[in-house]
Amino acid sequence: MGSQKRGSESTEEVEDEGPVDKIEPEQSRKKLRKEKKKDGESTSASSIKPMERLKKRKALDKDRRGIASVNDESKPVQTGMELKAADDTKEQPASSPSSGLPEFHITVFKDLASVNASVREAAVQKMVMELQEVQKVYNKLGKKALAERGLQLEAEKDDGLNNCAPSLRYAVRRLIRGVSSSRECARQGFALGLTILLHKIPCIEVKSLLKLIVNMLEVSSSMKGQEAKDCLLGRLFAYGALVRSGRLVDEWNSDKNTPYIKEFTSIIISLAAKKRYLQEPAVSVILDLVEKSCYSKPVSGLNITQALAGSGSAEPWVEYNMDLGSEGITWTGYQAQAQIHLPAEVLLRHVLEAPGINDWFEGAAEVGNPDALLLALKVREKISPDSKIFDKLLPNPFSTSKLFAPSHLSSLANCLKESTFCQPRIHSVWPVLVNSLLPDGVFQDEDVVSGPSTIKKHKRSRKCSSSKEDVAKNLQYFCEVIIEGSLLTSSHDRKHLAFDILLLLLRRLPPSFIPVVLSYKLVQCLMDVLSTKDTWLHKVAQHFLKELLDWVRHDDVRKVSVIMALQRHSSGRFDCITRTKTVKDLMAEFKTESGCLLFIQNLTSMFVDEGDASEEPSDQSQTTDDNSEIGSAEDKDPVGPLGNSDFLRSWVIDSLPSILKYLKLDPEAKFRVQKEILKFLAVQGLFSSSLSTEVTSFELQEKFRWPKAATSSALCRMCIEQLQSLLANAQKGEGQKMEGQEGEGPRALTSIREPIDLGSYFMRFLSTLCNIPSVSLFQTLNNEDEKAFTKLQAMESRLCREERNCLQERNLRLSATANKLHALRYLLIQLLLQVLLRPGEFSEAASELILCCKKAFSSSDILESSGDDELDVDEAPKLMDVLVDTLLSLLPQSSAPVRSAIEQVFKYFCGDITDDGLLRMLRVIKKDLKPARHQDADSDDDSNDDDDFLDIEEAEEIDEAVGIDEAETGETGESDEQTDDSAAVVGEEADEEIPEASDDSDGGMDDDTMFRMDTYLARIFQERKNQAGGETAHSQLLLFKLRALSLLEIYLHENPGKPQVLSVYSNLAQAFVNPHTGEGSEQLGQRIWGILQKKIFKAKEYPKGEALQLSTLESLLEKNLKWASKPFKKNRSSENPSKKKQSASRNRHKMICSLAQNSIFWILKIIDARKFPESELREFFDIFKRVLVGYLDNKKIQIKSNFLKEIFRRRPWIGHHLLGFLLEKCGSAESEFRRVEALDLVIEILKSSLFLNTDGNGQVASKKMLKSYLPKFGLLIKVLVTKMPEKQARRAHVRKFCGKVFQIISTSNLTKSFLEDLPPDAHVACETQLGESFLALKKLGRL
């Protein structure tokens, strides 16, 4: 029991050391008996005080310890640990065998404190069995006979246990002292032993036991805190053992007027009044007496083994726990399952009339005593309902409705608030209240309904409905008065209690009651706590939220109710305020169709039922303005801040499409969910009702509702945007399914699109609502938009019929046509919504697209509409140009769903695009609003829009040839004075200088070209004239370029082997090296770089065909070789550029060099695939010769030798043809460093020419080629050895080169020819500089 030991515990230690009748010698026993007699006389005196009695007891213990130490040598004493270690056969008995009583081994008391429950149970079993045998023999022999046999009894004590054997008396006192010990599980084990011992041995009188408990565990004023606490807890456990033993019930059965029940109740009440932490366990003991009484009679023939094991003829014992709350002590005892409850008259006469209990009930409500309320609630169930003893706590007459009435709950609020003292455990009164509040039988049907993923509805009887309504009313009163009114408005401890009570309610709560529990004030409190992380209550709220989520995780009905409550009372901002993902995670967990439909239904009701989120009173964390803003659409600013109601509705609109994000259902189930979402968005976003808020469609057999107040235009636009996204995602999903079923032809299209076409369903739904007289569009359209709206509907309907006809034919050719029709239909639908979303902006584009549809599918069904749009057959070849212009005009200001539809249309039509249309798209990428800032006065730096990258003329047809205008090609790119990376390309393409002040950079285009040019570019130019600086125009043009690049990427993906890819490459390369690309947007440069790398250089296919002329490829090759040779030069415009700018400039130069190198490899791959004859490659080889000359003679040429080596390695035929030229130029190179570096190129060519030819003919040809170059090798080696470099590293490099050449020559058996061709004066130099390697070669040549 801690560091402080009481006198009683000292006595326990001494008595633990040996048998009761063998502890002291004869002389000491006489002395102790004499002192005991004096002690008894003084105790019997009325004037004696408990303090004096305790002092004498301590003195007695001291003497006994002294005598034991004196006799230590003559009779060693075995301690508890020694007894435990000794052999079982040598255990010291508590009774001498000579006395005639069975042996009782006191080592069992050590095991009673064991942590292991099974060890404690075995010890109790052994103790009770031995004591039963001892008492049985004691009863047979009698006290006088035992005295004659020489049994020296323990000193007489006034403990009332006169009929008990000495061992039994010792065990009872020892068990009583043991329940006050805080060592390990001593209280549990000793209380268990005392319970069963009292039940099995009836000679222990209740009167004596009550007196003994008080005397042995009395608390004096000198006791310190822990010592006093141990005594009080020991008394409580001892009284609990008495109740659970059933002895009090036995007393009442034997004597109906027994005073012990009343005395016991009074003692318990007085004990509870001593300390707050004793009240609840004291009430638990009384309730054990009232409800959990044990056998009324002792069970004969049932030994302790059978009782503990649960076998035998009587009822088994079961484990029972008594938790002492803040003390953290649990008593594991055993009681009978067969219980005999005390009659109501016994409760009234004995328990409820006990001294002090009436005062306890009277003052409970005033002082706040939850334990008295608990006792009243439990005892009331056992007595007549007209009893008035609980009038201060419970209503009279009692009923559940009166108990949970607001007025009565207010009177109990003080009691319930004071129950926080036992935290973190919940007071026992709360489960009792919850059980009364939510009875089991009322919600059995609803529990079945709210099972996992179920939304079925069952009819209930009137009686069940009435009971449910009463329970709902009681629950609402309880939450309003107790949870919200008393606990949430109080301290953190009581807020903690409120969350714990709510978790208790959740275990029994039906889904229909969730909105009652998760009320406005509770959600507001939860948000306030979760948004403040520096309080300990934050963890409590997190735990509550986690338990709440676990409770709803596998039940869609609960999940929907919780989401609705959290968002309704937070105006749709629960996650935002709490900085969590609670609602988002819950929404992502819908996995079934039924759960999604239920969620959609609730979201629709929340949107339509106006004002629910703002009717709740605001607290300190909310403002009145936010809660009261529910004005009409005209009163609200469409772009201004939204009120709470609109915030909630905007969340509803955003949440509906997000349901599909993580939903994995079969296509038909997902389509049904999509239809419900689409109907909501279409009804609330596109239409309004002029007569009422509810309209019935007989064609659709559905009712549609609108909010009472007009929906704001901002919310309508949100609905349209979400509707566009829903249709775009549905189209993408169809595309993925088609790719998964690729190869099945029209059969796959028929199985997917005919039954599941969300776009077709939307258009039918739209047409149906438009035909209802009382329903109109949410806004009035002008004449042009109205005509476009009608024409779009008609054209989509006709294309839909045409698509169905194509699918029914089940033809592969027609399936491709069906793909085009399907893509166009979705683009028409998106345009129709854009007309409503942004009136006055898309009517012209819609008309052009309708015209394209008529031209593309000129069937009688489509052309029968009217004679207004007469088609000119001569204009048919220009269909794709018009379509491309229309698509480009839609790109700049269109939303993401519209762009997705445009890309789908372009994907299916890009195979038919003309060269003119393709170049018009490429012109968008090259277009700049400003001329180059750093221009050379002597060069034409402004780009002509008609020019192609690297001097490819766009006027020339690509399928014939992509020509090069050599007359316009300048060499300013090689000028040392040029300072910009892309000035050469810009300068080389200009054939007409444009004034710097010119804003309309049309490049000399005629009217027809300008008419077909992207209309949005003209809009940008006009906007730039009207705005100073042109920043808006620049950002819009940049966005336009990025969107056009997406179309080009689609083109490259669908047409990787067409000759037009070369034109796309040249224009993209020009745009990449353009200085405005680097300065204006890094994103644009990275996008172009990615397309060039992934879709062109690393594509599996490359341009092929006769249309690719060698002159075009040679020109591209030469220009890229020049770019790969350009050195990095600092910008001269700024004298002291920052390190960041220098780094960016250097990185850009590296990327341009890398682009040029990759371009060269790609062009060489194309040339190699064409297999041009060597006679046509003369200019091709001359290009490389010029590069090698510049590399060897000009230090400013920065082409990398490793890059040239890689060219020769990949294309050996190039190196084979250039070997002789390279050998000559190496000998005459002006730069010593470049000469030595070029030796690696020679070795690489030799390796690729000789060692790659493994067949016989190849080796002969290689040997012949090498023999023809022997004189040049001799001259080169002569130059190298006669002009040996000064640096050691270069000399080593030369020697290494010569050694490899000698090895190759000797391997080819050309040593003798080489020595003959080697000039005579070179022999001496070789011997001097090369030494052994050359001598070995000469020796080999003599053989």
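Residues numbered from 1 in each chain as written. Predicted model: local features only at pLDDT ≥ 70, side-chain atom pairs only at ≥ 80, totals over all residues. Heavy atoms only, no water.

Colleague: Would you mind showing me how to read the overall build of the chain here?
Modeller: When helices and strands are tallied, the chain shows 63 helices and six strands. Within the chain, the proportion of its 1343 residues that are buried is 53%. Put simply, of all contacts in the chain between residues at least 6 apart along the chain, 76% involve residues at least 24 apart. Looking at the chain as shown, the accessible area adds up to about 60800 Å², and 49% of this sits on carbon and sulfur atoms. (Helix = DSSP H or I, 4+ residues; strand = E, 2+ residues; numbered from the N terminus. Buried < 20%, exposed > 50% of the residue type's maximum accessible area, 1.4 Å probe, protein only. Contact = heavy atoms within 4.5 Å. Areas by Shrake-Rupley, 256 points an atom, 1.4 Å probe, with all protein chains shown as cover.)

Colleague: What exactly am I supposed to notice about helix α40 (residues 843–856) here?
Modeller: An α-helical turn contains 3.6 residues, so a residue and the one three or four places further along point in the same direction. With 14 residues, α40 extends 20 Å from end C-alpha to end C-alpha; this agrees with the ideal 20 Å at 1.5 Å per step. All buried positions along α40 are accounted for by S843, A845, A846, L849, I850, C852, C853 and K854. (Expected span 1.5 Å × (residues − 1).)

Colleague: In this structure, what is going on with unusual backbone geometry? I would like to understand it.
Modeller: Glycine aside, residues mostly have negative phi angles, and peptide bonds mostly take the trans form. Put simply, N396 and P397 share a cis peptide bond, and its omega is 0°. Note the cis peptide between Q423 and P424, where omega equals 10°. Along the polypeptide, P424 turns up in the loop between α20 (406–417) and α21 (429–437). Non-glycine residue S571 carries a positive phi angle of around 55°. The residue S571 is located in the loop between α28 (556–568) and α29 (574–578) in this model. The exposure class assigned to S571 is buried, which follows from its relative accessible area of 5%.

Colleague: Could you clarify how one ought to interpret the pattern of salt bridges in this entry?
Modeller: Should their charged atoms come close, side chains of opposite charge can pair. Counted by the stated rule, this structure contains 34 salt bridges. Put simply, E803 and R825 hold a salt bridge, and the shortest N to O gap is 2.7 Å. Here E803, found in helix α38 (residues 783–809), pairs with R825, found in helix α39 (residues 812–837); they are 22 residues apart in sequence, far enough to count as distant. Each member of the pair, E803 together with R825, is buried. Among the ionic pairs, R1210 bridges to E1206, the shortest N-O distance being 2.9 Å. Residue R1210 and its partner E1206 are both found in helix α55 (residues 1201–1210); the two are separated by four residues, about one turn of the helix. (Salt bridge = Lys/Arg side-chain N within 4 Å of Asp/Glu carboxyl O.)

Colleague: Could you clarify how one ought to interpret the side chain of T578 in this entry?
Modeller: With respect to the helices and strands, T578 occurs in helix α29. The buried category is assigned to T578, whose relative accessible area is 1%. Reaching out from T578, the side chain makes a polar contact with the side chain of T580 at a distance of 2.8 Å. (Polar contact = N/O pair within 3.5 Å; in protein donor to acceptor, adjacent residues only side chain to side chain.)

Colleague: So what exactly am I meant to see when it comes to the packing of aromatic side chains here?
Modeller: Two measures describe an aromatic ring pair: the distance that separates the ring centres and the angle between the ring planes. This model, assessed by the stated rule, comprises 24 aromatic pairs. Their ring planes at 80° and their centres at 6.4 Å tell us that F671 and Y761 sit as a pair that is edge-to-face. Of the two residues, F671 is situated in helix α34 (residues 667–686) and Y761 in helix α37 (residues 758–770); the sequence distance between them amounts to 90 residues. You can call Y761 buried: its relative accessible area is 13%. Within the aromatic cluster, the residues linked to one another by ring pairs are F104, F109, Y170 and F190. When the ring centre of Y1102 is taken as reference, the NZ or CZ atom of K1104 above it lies at 4.9 Å. The side chain of R1210 reaches across the aromatic face of F1161, ending 3.9 Å from its centre. (Phe/Tyr/Trp six-rings, centres within 6.5 Å; stacked < 30°, edge-to-face > 60°. Lys NZ or Arg CZ within 6 Å of the ring centre and 35° of its normal.)

Colleague: Quick question: what am I supposed to make of the pairing of strand β4 (residues 694–697) here?
Modeller: Looking along a regular strand, one sees side chains alternate from face to face of the sheet. Side chains of β4 alternate between two faces, with V695 and S697 buried and E694 and T696 left unburied. By the bridge criterion, four bridges tie β4 to strand β5 (residues 702–705) in an arrangement that is antiparallel. Bridged to E694 within β5 is R705. Here β4 folds back onto β5 in antiparallel fashion, the turn holding four residues, of which Q701 has a positive phi close to 55°. (Pairing = 2+ DSSP bridges.)

Colleague: Help me out: how do you make sense of the nonpolar core in this one?
Modeller: What tends to happen in soluble globular proteins is that the nonpolar side chains get buried as a cluster. Counting residues in hydrophobic clusters, the biggest one holds 359 residues, and the most contacted among them are F109, W430, W651 and F762. Of all the elements, α39 adds the most residues to this core, at 14 residues. Setting aside residues no more than four positions away along its own chain, W651 makes contact with I563, M564, Q567, G572, V583, M587, F599, L603 and M606. (Core = buried A, V, L, I, M, F, W, Y, C linked by side-chain atoms within 4.5 Å.)

Colleague: Help me understand the environment of T195, please; the structure alone is not making it clear to me.
Modeller: Looking at the element boundaries, T195 is found in helix α8 (residues 186–200). The class for T195 is buried, based on a relative accessible area of 1%. Counting along the chain gives 52 residues from T195 to R247, while the straight-line C-alpha distance between them is 9.5 Å. Within the local environment of T195, its side chain forms a polar contact with the backbone oxygen of A191, the two atoms lying 2.7 Å apart.

Colleague: How should I be thinking about the packing of α21 against helix α24 (residues 492–506) in this particular structure?
Modeller: Relative orientation and spacing of two packed helices are given, respectively, by the angle between their axes and the distance between those axes. For the pair α21 and α24, interaxial distance at closest approach is 10 Å and the crossing angle is 45°. In terms of axis orientation, α21 runs oblique to α24. Considering only the axes of α21 and α24, their crossing is right-handed. Together, W430, P431, V434 and L437 of α21 and L497, I501, L504 and L505 of α24 make up the contact between the two elements. The residue inventory of the contact of α21 with α24, partitioned by class, reads eight nonpolar, no polar and no charged. (Axes fitted to C-alpha atoms, helices over the stretch in contact; angles between N-to-C directions. Parallel < 35°, antiparallel > 145°, perpendicular 65-115°, else oblique. Left-handed = near helix turned anticlockwise from the far one by under 90°. Nonpolar A, V, L, I, M, F, W, Y, C, P; charged D, E, K, R; others polar.)

Colleague: Mind showing me how you'd approach the environment of P1320 here?
Modeller: By the element assignment, P1320 lies in helix α62 (residues 1320–1330). Judged by its relative accessible area of 69%, P1320 is exposed. Placed 42 residues apart in sequence, P1320 and K1278 show a C-alpha to C-alpha distance of 9.7 Å.

Colleague: I'm lost on the packing of helix α11 (residues 247–254) against helix α12 (residues 260–272) in this one. Help?
Modeller: Put simply, α11 and α12 touch, their axes get as near as 9 Å, and they point 145° apart. Contacts between α11 and α12 involve L248, E251 and W252 from the first element and Y260, I261 and F264 from the second. Classifying every residue of the contact of α11 with α12 gives five nonpolar, no polar and one charged.

Colleague: Even after reading the chapter, I still don't get the environment of M564, so can you show me in this structure?
Modeller: For M564, the location among the structural elements is in helix α28. Considered as a pair, M564 and P515 are 49 residues apart in the sequence and their alpha carbons are 8.1 Å apart. Look past the residues within four positions of M564 in its chain and what remains in contact with it is F599, N602, L603, M606 and W651.

Colleague: Would you take a moment to explain the confidence of the model for the chain for this structure?
Modeller: Low-pLDDT stretches of the model should not have their predicted coordinates read in fine detail. Scored by pLDDT, the chain comes out at a mean of 75, with 70% of its residues at no less than 70. Note that residues 293–339 has pLDDT below 50 and, in this model, 119 contacts with residues that lie over four places away or in other chains. This model gives residues 448–463 a pLDDT under 50, and the stretch forms 21 contacts once residues within four places in sequence are excluded. (pLDDT = per-residue confidence, 0-100.)

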